[in-house]
Amino acid sequence: MLSHLEDVIGKSKNGLISYADYIGLALYHPVNGYYMRESEKIGRSGDFITSSNVSDIFGRIFSKWFAGHVEINGVAPAVCEIGGGNGRFAKAFMEEWANHSGDSLTYTIIETSPYHRKLQREALGGFSGFSQESGIQSVRHFKGLIFSNELFDALPVHVVEKKSGILMEAMVGMDNGRLFEKLVPLKNEEVASFLEENRLFLNEGQRIEVPLAMGKMVREISRSLEEGIVATVDYGHTAEEWMLPERKQGSLRGYMNHQMVNDVLAFPGRMDITTHIHFDALVNEGEKQGLEALTKLRQDEFLISAGILAEFEEHYDPNPFSERSRRNRAIRSLVLPSGMSASFHVLLQQKGLRLGADKIFP
């Protein structure tokens, strides 16, 4: 990966590339990109864990919730999941589906990683209605549910910092085989427009990530969706929260072997790179593209409203390794304030439907 980066940077103007270009290569280079490599990334043996890999209950609750929308609100029985990872969410979703709906379900996963596409085929090949596509552009006139879990936080971002009263963009260069960061005056008009439109006025010394790729993804989702619901699960901040003093250094970071790495230039292609997303900007761009925001809830609030507590089995089991005990521990981790759900939100949007606040949880 370093040799490829050296070639790209060497051919770039002034020997510098944006963080967005760097992250795009580090994560998605077809051969050496982190997500493209043949290695386990999710779970105990990987670098990070997602809610869907804590327990199958996460996928099953979403399945029951969506089955209610199909039955009561007439939403088409089809799911398009963007970035399906190892397929565990899809497997739990489809296994649970038969328990709550008599409708045949089609389930398409959009996945760029060859490694994850292989894992998905191994896990889901026996399910009728399952298919894969390499890009959201292949899906058009879709009706149903478009779902993603930690998609937007893995998209490339630009990095901006205010220094001596001037907006600067952090760029990436290379010297003697080592990557370095350099601040240059901001010239990217799209980046400047994003900050202005979303009222993100930086204080001196503050830096922030600008997710232009997020807007492009929202536009593609809207082009693909003719009628249905968009459910986005991710972690991030509102515009007001981004301005708090504790956010002064932004949120760009890496994860490797479940350890946070502050220097995202340290292990290109060998670790995950992530940022907190801009929820207000995501909602605003959605509205521009015809995606009406229904609600944004903390993940634990969504799961409780969707009925996860009904799955909790109260009676004591002395065996901590029993299926019942494991299931109950997973539910606790997903709903307790100290669990991971407190950091995540579920954003629900609609297009071509007329769901009100009273119909979000059928």
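Now for a look at the structure at hand. A quick note: this is a predicted structure, and the numbers were derived from the prediction, not measured. (Residues numbered from 1 in each chain as written. Predicted model: local features only at pLDDT ≥ 70, side-chain atom pairs only at ≥ 80, totals over all residues. Heavy atoms only, no water.)

Now for the overall build of the chain. Helix and strand counts for the chain stand at 11 helices and 17 strands. Its C-alpha atoms give the chain a radius of gyration of 21 Å, within 12% of the compact-globule value 21 Å for 362 residues. Overall, the C-alpha framework of the chain stretches about 60 × 40 × 40 Å when taken along its three principal axes. Evaluated residue by residue, the chain yields a buried proportion of 54% over its 362 residues. Long-range pairs, those at least 24 residues apart, make up 74% of the contacts in the chain between residues at least 6 apart in sequence. Summing over all exposed atoms, the chain offers an accessible surface of approximately 16,600 Å²; the carbon and sulfur share of this is 48%. (Helix = DSSP H or I, 4+ residues; strand = E, 2+ residues; numbered from the N terminus. Rg over C-alpha atoms; globule rule 2.2 N^0.38 Å. Buried < 20%, exposed > 50% of the residue type's maximum accessible area, 1.4 Å probe, protein only. Contact = heavy atoms within 4.5 Å. Areas by Shrake-Rupley, 256 points an atom, 1.4 Å probe, with all protein chains shown as cover.)

Turning next to unusual backbone geometry. Not every positive phi belongs to a glycine, and E150 is a case in point at roughly 55 degrees. The residue E150 is located in the loop between β5 (142-149) and β6 (158-163) in this model. Looking at E150, the relative accessible area reads 15%, which means it is buried. The phi dihedral of S164 falls on the positive side, at around 55 degrees, and the residue is not glycine. Relative to the assigned elements, S164 resides in the loop between β6 and β7 (166-175).

Across all of its chains, the model carries 15 salt bridges by this definition. One salt bridge connects K64 with E311, and the closest N-O pair in it is separated by 2.4 Å. Note that K64 is positioned in helix α3 (residues 57-73) and E311 in the loop between α10 (299-305) and α11 (323-335), a separation of 247 residues in sequence. In this structure, the salt-bridge partner of E285 is R219, at a minimum N-O distance of 3.4 Å. (Salt bridge = Lys/Arg side-chain N within 4 Å of Asp/Glu carboxyl O.)

A few words now on empty space enclosed by the protein. To find leftover empty space, one rolls a probe the size of a water molecule over the atoms. Per the stated rule, a full pass over the model turns up 1 cavity of 30 Å³ or more. Roughly 40 Å³ of internal volume is contained in the largest cavity. As for the largest cavity, its lining consists of F152, V218, I221, V230, T232, L282, G286, L291 and Q349. In terms of residue class, the lining of the largest cavity is built from 6 nonpolar, 3 polar and no charged. (1 Å grid on protein atoms, 1.4 Å probe; cavity = no way out; pocket = protein on both sides within 12 Å on 5 of 7 lines; lining within 4 Å. Points joined across faces, edges and corners; volume = space filled by probe spheres on them. Nonpolar A, V, L, I, M, F, W, Y, C, P; charged D, E, K, R; others polar.)

In this section: the side chain of E81. Counting through the fold element by element, E81 comes out in strand β2 (residues 78-82). It is R88 that comes nearest to the buried, bridge-free E81 among opposite-charge side chains, at 11 Å. Reaching out from E81, the side chain makes a polar contact with the side chain of Y107 at a distance of 2.7 Å. Once residues lying within four places of it in the same chain are set aside, the contact partners of E81 are F89, A90, Y107, T108, I109, I110 and F147. (Lys, Arg positive; Asp, Glu negative; His and termini not counted. Polar contact = N/O pair within 3.5 Å; in protein donor to acceptor, adjacent residues only side chain to side chain.)

With that settled, the discussion passes to the pairing of strand β4 (residues 130-133). In β4, alternate side chains face the same way, and those of F130 and Q132 are buried while those of S131 and E133 on the opposite face are not. In the sheet, strand β3 (residues 106-110) pairs with β4 via 4 bridges, with the strands oriented parallel. Note that in β4 the partner of T108 across the bridge is S131. (Pairing = 2+ DSSP bridges.)

This part covers the environment of G85. Mapped onto the elements, G85 comes out in the loop between β2 and α4 (88-100). For the pair formed by G85 and Y35, sequence separation is 50 residues and the distance between their alpha carbons is 9.5 Å.

Strands belonging to one sheet form pairs held by backbone hydrogen bonds; the direction of such a pair is parallel or antiparallel. If you trace the 3 strands from one edge of the open sheet to the other, you get β13-β12-β14, paired in antiparallel fashion. In this open sheet, the two edge strands, each paired with only one partner strand, are β13 (259-261) and β14 (272-274). Taken pair by pair, the neighbouring strands of this sheet meet at an average axis angle of 35 degrees, ignoring direction. For strand β12 (residues 253-256) and β13, the ladder comprises 3 bridges, and the chain directions are antiparallel. Across the sheet, the residue bridging to G254 is V261, located in β13. (Axes fitted to C-alpha atoms, helices over the stretch in contact; angles between N-to-C directions.)

Okay, the packing of aromatic side chains next. Within the structure shown, the criterion is met by 18 aromatic pairs. A centroid spacing of 4.2 Å and a plane angle of 0 degrees characterise the contact between F89 and F147, whose relative ring orientation is stacked. Of this pair, F89 sits in helix α4 while F147 is found in strand β5, placing the two residues 58 residues apart along the sequence. Looking at F147, the relative accessible area reads 1%, which means it is buried. Within the aromatic cluster, the residues linked to one another by ring pairs are F58, F62, W65, F66, F89, F93, W97, Y107, F147, F302 and F361. Just above the ring of F279 sits the side chain of K296; from NZ or CZ to the centre is 4.9 Å. (Phe/Tyr/Trp six-rings, centres within 6.5 Å; stacked < 30°, edge-to-face > 60°. Lys NZ or Arg CZ within 6 Å of the ring centre and 35° of its normal.)

This next bit is on the packing of helix α7 (residues 212-224) against helix α9 (residues 279-288). In a packed pair of helices, the relevant descriptors are the angle between the two axes and the axis-to-axis distance. Put simply, α7 and α9 touch, their axes get as near as 9 Å, and they point 35 degrees apart. Once α7 is placed against α9, the crossing between them reads as right-handed. Here M214, G215, V218 and R219 of α7 lie close against α9, whose contacting residues are A281, L282, E285 and G286. (Left-handed = near helix turned anticlockwise from the far one by under 90°.)

The end-to-end C-alpha distance of α11 is 19 Å, a good match for the 18 Å that 13 residues give at a rise of 1.5 Å each. Its buried side turned inward, α11 meets α3 and α10. (Expected span 1.5 Å × (residues − 1).)

By size, the foremost hydrophobic cluster in this structure holds 41 residues, and its most contacted members are F62, W65, F66, F93, Y107, L145 and F302. Looking at this core, the elements with two or more residues in it are α3, α4, β3, β5, β10 (225-234), α10, α11 and β17 (345-351). It is α3 that contributes the most residues to this core, 8 residues altogether. Non-local contacts of F66, meaning those with residues more than four positions away in its chain, are made with V75, A76, P77, A78, V79, F93, W97, G144 and L145. Membership of the second largest hydrophobic core comes to 36 residues, among which are V139, F152, L195 and V230. (Core = buried A, V, L, I, M, F, W, Y, C linked by side-chain atoms within 4.5 Å.)

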